[in-house]
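Working through the structure, step by step
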Amino acid sequence: MCKGTAGARTCQPAACSDGIDNDTDTRTDYPLDPGCSSPLDDDETDPMTASACSSGMDDARELGRDGREADLLSRSVEDVYRGHA
């Protein structure tokens, strides 16, 4: 991959094929780094993913939807078991 203006161009491998873990996620280059879409990709930054607690779903099956876990924990175990939660 070459960058720069005419007369000052420098060429070097793209970030996803340079043998370096550019984003320090312990994964190096395409196809091992999830931030690389191809060997020509020049950015190893991993895609953003929503955390489990922001999905609105009960990802961990802890008896409630996200945001209600603290509320459920404050109730007695018996109430939850009886379905009064």
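Just above sits the structure.
Read on for a plain summary of the structure. (Residues numbered from 1 in each chain as written. Predicted model: local features only at pLDDT ≥ 70, side-chain atom pairs only at ≥ 80, totals over all residues. Heavy atoms only, no water.)

**Section: the overall build of the protein**
When you go through the protein residue by residue, the secondary structure sums to two helices and two strands. When the helices and strands of the protein are read in sequence order from the N terminus, they spell out β-β-α-α. Across the 85 residues in the protein, those meeting the buried criterion constitute 18%. By sequence separation, contacts in the protein at least 24 residues apart represent 18% of the contacts at least 6 residues apart. (Helix = DSSP H or I, 4+ residues; strand = E, 2+ residues; numbered from the N terminus. Buried < 20%, exposed > 50% of the residue type's maximum accessible area, 1.4 Å probe, protein only. Contact = heavy atoms within 4.5 Å.)

**Side note on the environment of Gly19**
Structurally, Gly19 can be placed in the loop between strand 2 (10-11) and helix 1 (69-74). Each C-alpha atom, one on Gly19 and one on Asp29, is 6.4 Å from the other, the two residues being 10 residues apart in sequence. For Gly19, the residues in contact, after removing those within four places along its chain, are Thr28 and Asp29.

**Some thoughts on the side chain of Asp41**
Summarising the element assignment, Asp41 is placed in the loop between strand 2 and helix 1. One buried charge, Asp41, has no salt-bridge partner; the nearest side chain with opposite charge is Lys3, at 9.8 Å. Side-chain polar atoms of Asp41 contact the backbone nitrogen of Asp43, separated by 3.1 Å. Excluding its chain neighbours within four sequence positions, the residues that come into contact with Asp41 are Ala14, Ala15, Cys16, Gly35 and Cys36. (Lys, Arg positive; Asp, Glu negative; His and termini not counted. Salt bridge = Lys/Arg side-chain N within 4 Å of Asp/Glu carboxyl O. Polar contact = N/O pair within 3.5 Å; in protein donor to acceptor, adjacent residues only side chain to side chain.)

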